[in-house]
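Remarks on the overall topology
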Amino acid sequence: MRSRFTTALLLLPGLAFLLVGFLVPALAMLLAPPGTDTADIFVRLGQMLTDPYDLAIIGRTLLIGLIVTVVCVGLGFPIAYLLARTPSRWSGVLLALAIFPLLLSNVVRTFGWLVVLGSNGAIGQLLTGLGLVDEAPQLLYTPLAIVLGLTQLFLPLAIVTCYSAVTQVDPGLDDAARGLGASRGRTFRDVVLPLSLPGIVVAATLVFAGSVTAYTTPYLLGGSGNRMLSTQLFTYSSVTIDWASASATAIIMTVLVFVVSGISSVVGRKGATA
Amino acid sequence: MNERRPVAATLAVAGYIIMIVPILFVVATAFTGGETLKFPPEGFSLRWFGEALSYQPFMGSLVTSLEIAIISTVLALAVGVPVTLAIHRGALPGRGIVENLFLSPLIVPELVVGLALFQQLIVTFRIDNFPVLLIGHTALLLPYAVRVTGAALAGSDPSLEEAARGLGASPMRTFWTITMPLLRPGIFSAALLSFITSFNNVPLSLLLQSRETQTLPITMLDYVQQSYDPMVAAISTLILAATVVIAVIAERTVGFAKIFGGIGR
């Protein structure tokens, strides 16, 4: 086990796979898509960053990603906090209910919103049935629908990540703060929240990265009027077969994710030492 | 807990509604006797389950999905477990760098990986869609295989293996009697997680498909776009039921939380 030769032998098949199945294609894509000049990609990239139509798509993607991140952390942290700090016979079931959606197909989960938000869907029928509105409001194919769908997809991830952060904060510290006269709210604000901050940052990063790259949700719930970078990328690569635009979109998407991950790892490290 | 923390409890209820309620609506509409996706459903019937199970595109793509999920899970474990051994037990300088290298497919958006594989392997090198789907899915699963089996090894003491060797066991015997039992729960968790991840995948399958190699999630997306009947609700309910079975197996064997403990990090 200890020899270098054996170690190299163990790594070799994995490395070969990683090179062929990921590293080489990903790098080659940036340099030369088939039948396209590398220069074309960067020309197209420049156009996208100035063209109002493309900028609107980038802006929508960013805005929706930010809103979903705030909502997921805003809902996920309290859930994780309650699950971790108020043990009851229900907390096991509730934790399982929060983890289970991670196993379930995105298509199945997103499809549910068609039934809820569609023109013959539950909300529309309820509102018209109660006589509150004459005609069911347009809920599907709106940015709101995308936000709801993405929140449903990524909330479990936020809960799981925040939960492991909160459980690492010693409950004895809560008791100490309370014993010294801090209110419940103050204990939460000054003890639990700052100590779980690195976990919250990780959760936010995962949700943001997931939201700005998700395809199923904007495709099913956004319609043609609410395009995001992911649906554009698919259109360029499989409908219009425009390699330069597809690669440029892929670069924008990847850079977005990398920049946000980079910022959050710096913030997370600062938070951990503060 | 509701009286004492009203704000947190309200947010928690809202969160659970968003996570769970749409799934319940899928199940409710699957049992409709009516013609359209409508709520409340008209009557009760199992007809849409029958229709879904006899709809060839769904069943054909289900077989494709299962083939891809099983083969790529086996491949990812076959190349991933040796990598885990090298990282945790081998003579490896720069172990952290190697580990991060194998986790790197996680940080690049899947659509981008799909586009890259499509352009380079299918268009440039003219490899068939099916092998490229397998390569793509395996590359995607490799981080899970390495990380989840690694978690099983990281928690164990390498001096166990040294003791076995010192007592005269051959390297092979040491592996099968000491290392393998330590790895087994990790391999099982990684296999479950990999199978589900591959089966549910949309971005890679979307970009790498051909008409003959369409997977079930992609076929469902296409179908929803064309027609608005409850057949997709029925197939979704069947997928939900199968997922519940897998979740129960996971809970009974290695424990649910253990499998997912590593995902967030």
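The structure contained in this document is the topic of the report that follows. Every value quoted in this text rests on a predicted model; they were computed, and no experiment measured them.

1. Digging into the overall build of chain B
- A count of helical and extended segments in chain B gives 12 helices and 0 strands.
- Along chain B, helices and strands appear, N-terminal first, in the series α-α-α-α-α-α-α-α-α-α-α-α.
- For chain B, the spread of C-alpha atoms along the principal axes amounts to about 70 × 60 × 30 Å.
- In chain B, the share of contacts with a sequence separation of at least 24, taken over all contacts with a separation of at least 6, comes to 73%.

2. A closer look at unusual backbone geometry
- Phi is positive for isoleucine 241 of chain A, which is not a glycine, with a value near 45°.
- Along the chain, the position of isoleucine 241 of chain A falls in the loop between helix H11 (229-239) and helix H12 (243-273).
- A residue is classified by how many C-beta atoms lie within 10 Å of it, and isoleucine 241 of chain A, with 12 of them, is exposed.
- Positive phi values are uncommon outside glycine, yet arginine 126 of chain B reaches one of about 55°.
- With respect to the helices and strands, the residue arginine 126 of chain B is situated in the loop between helix H5 (110-124) and helix H6 (129-154).

3. What to know about the environment of isoleucine 23 of chain B
- Secondary-structure assignment places isoleucine 23 of chain B in helix H1 (residues 6-30).
- Overall, isoleucine 23 of chain B belongs to the buried group, with 21 C-beta atoms counted inside 10 Å.
- A sequence separation of 16 residues divides isoleucine 23 of chain B from phenylalanine 39 of chain B, and the C-alpha atoms of the two residues are 14 Å apart.
- With residues near it in sequence (within four places) discarded, isoleucine 23 of chain B still touches Arg109 and Gly112 of chain A together with Leu240 of chain B.

4. Section: the environment of alanine 122 of chain A
- Here alanine 122 of chain A shows up in helix H6 (residues 122-129).
- Assessed through the 20 C-beta atoms surrounding it within 10 Å, alanine 122 of chain A is described here as buried.

Conventions and cut-offs
Here, residues in each chain are numbered from 1, in the same order as that chain's written sequence. Written order decides the labels, with chains lettered from A and ligands numbered from 1. Given that this is a predicted model, residues contribute local features only at a pLDDT of at least 70 and side-chain atom pairs are listed and counted only at 80 or more, while totals for whole chains, interfaces and linings are drawn from all residues. Counting from the N terminus, the helices are DSSP H or I runs at least four residues long and the strands are E runs at least two residues long. We call two residues in contact if the C-beta atoms placed from their backbones are at most 7 Å apart. To sort residues by burial, count the other C-beta atoms lying within 10 Å of each one's C-beta; a count of 20 or more means buried, 12 or fewer means exposed, and anything in between means partly exposed. C-beta atoms are built from the backbone.

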